Every structure is written in structure tokens, then in C-alpha cells.
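This is what each chain is made of:
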Amino acid sequence: MNPDQKSPHKKVNLTIENLSQAVFIVNRHAKTAPNPKFLYKLKQESLKKLIEEGKAKKVGLHFSEHPRNSQQQSDVLVECGNYLFHIPPTKSDFMDLPHLGKLDGHIRNPKAVLSLNAAKALLQAYTGITELDPPPGSPRKRPRTYQKPIFKKLGERYS
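Note that the structure is predicted; figures quoted are calculated from it, not measured.

Each value, and the rule that gives it
- Along each chain, the written sequence defines residue order, and numbers are assigned to residues from 1.
- Given that this is a predicted model, residues contribute local features only at a pLDDT of at least 70 and side-chain atom pairs are listed and counted only at 80 or more, while totals for whole chains, interfaces and linings are drawn from all residues.
- Note that water and hydrogens are dropped before the side-chain values are worked out from all heavy atoms of the structure.
- Each helix is a run of DSSP H or I of at least 4 residues and each strand a run of E of at least 2, with the numbering of both proceeding from the N terminus.
- Categorising residues by exposure relies on relative accessible area from a 1.4 Å probe, with only protein chains included: less than 20% of the type maximum marks a residue as buried, more than 50% marks it as exposed, and the intermediate range marks it as partly exposed.
- Method for areas: the Shrake-Rupley scheme with a 1.4 Å probe, in which residue coverage is limited to the protein chains shown.
- Two strands qualify as a pair provided DSSP detects at least 2 bridges between them.
- Only rings of Phe, Tyr and Trp enter the pairing, Trp through its six-membered ring, and a pair is recorded when the two centres are within 6.5 Å. The plane angle decides the type: under 30 degrees is stacked, over 60 is edge-to-face, the rest tilted.

Let's talk about the overall build of the protein chain
Alright, step 1. Scanning the protein chain from terminus to terminus reveals four helices and three strands.
Alright, step 2. Going residue by residue from the N terminus, the α and β elements of the protein chain occur as α-α-β-β-β-α-α.
Alright, step 3. Across the 159 residues that make up the protein chain, the buried fraction comes to 25%.
Alright, step 4. As presented, the protein chain carries roughly 12500 Å² of accessible surface, and 53% of it is formed by carbon and sulfur atoms.

Right under this line is the structure:
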């Protein structure tokens, strides 16, 4: 380690392009993750901070492709660098943003080559959010409660 380095890790560069790529990678992995809550929270908090800093902007509202309990649901379209993302809307978003209708399936985000661990580390450094060691709701290791059966010889009783 060089004396001018503060830690053995290389310095992360928090540019709009790096952050938007990291959000893209985290979002892509969250769709198939066994416990995606932390990844979606990291994505949402990162985009919220980028919007507050003026590095990303809310473009409008889109109808959601997969509404939950209702017939229609809208998501906020956020532009960050060359990437577009959807986040849940707030009440003020319905008043302030134009509704863009259905999502255009031909628009795609550019490819990003970044590992999930690097993307998570970048966004965690940016937002200050840390992942709990055991994710909430995941099965915890419990002491074994199963007892082996006791076999009796033929003719003995179990009393």
C-alpha cells in the first residue's frame, strides 16, 4: 500500500455516469435476487439523492407494466446520464409531472460492465446506506430441535 493511499481499496469516482451504471446493475440484479428489498432500497435512495443534487431529473409518469392490486398504476420515469429508471411516485409527482402514457418497449438502457459488488459498494459509499448482515425476514440458523427416534427391541413397550 502506498503511503498516500488511505485504504487498500481504490478510490471510487462518483461521476454521474458511474453512479447511473451502478444503479442500472443493482436494478438488474434486484429483479432476480432472492431478497431484493435492500437492492431496491439502494436504487431508490441513490436516485432520490441524485435528483436532489440535480444530477438526475424526473421526466414524467408511465403506466406500470405490472400493476399490483389495481387496474392501473403509474411509475415515475427518471433520467440519469444515459440511463432511464422507474421509481414509485409521490403524491406531488401526479400534480407536477406530465403523464407519458404506456412505456415504449423500444427504448433500452446502454450496456454496463460492472460487478454487483462494485455497484453496491459505489452506491453504498454515495448514499451511506449499509446492508444488515442477516437480511430481515431471511431464515436464521436455529438450534436443531429434531431428535433421533429411539428404537425398541421387538416386543418392548414405549412407556
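Points about the pairing of strand β2 (residues 74-80)
Alright, step 1. Of all seven residues in β2, six are buried; the element is thus mostly enclosed.
Alright, step 2. In the sheet, strand β1 (residues 56-63) pairs with β2 via seven bridges, with the strands oriented antiparallel. Across the sheet, residue Lys-57 finds its bridge partner in β2, namely Glu-79.
Alright, step 3. Summarising the sheet, β2 and strand β3 (residues 83-87) pair through five bridges and their orientation is antiparallel. Bridge pairing in β3 links Val-78 to Phe-85.
Alright, step 4. A loop of two residues connects β2 with β3, the two strands running antiparallel in sequence, and Gly-81 in this loop sits at a positive phi of about 65°.

What about the packing of aromatic side chains?
Alright, step 1. A complete count under the given rule lists two aromatic pairs for this structure.
Alright, step 2. Their ring planes at 40° and their centres at 5.4 Å tell us that Phe-24 and Tyr-83 sit as a pair that is tilted. You can see Phe-24 sitting in helix α1 (residues 16-30) and its partner Tyr-83 sitting in strand β3, a full 59 residues away along the chain.
Alright, step 3. Looking at Phe-24, the relative accessible area reads 15%, which means it is buried.
Alright, step 4. Owing to a relative accessible area of 1%, Tyr-83 belongs among the buried residues under this scheme.
Alright, step 5. Grouped by ring-pair contacts, the aromatic residues Phe-24, Tyr-83 and Phe-85 constitute a single cluster.

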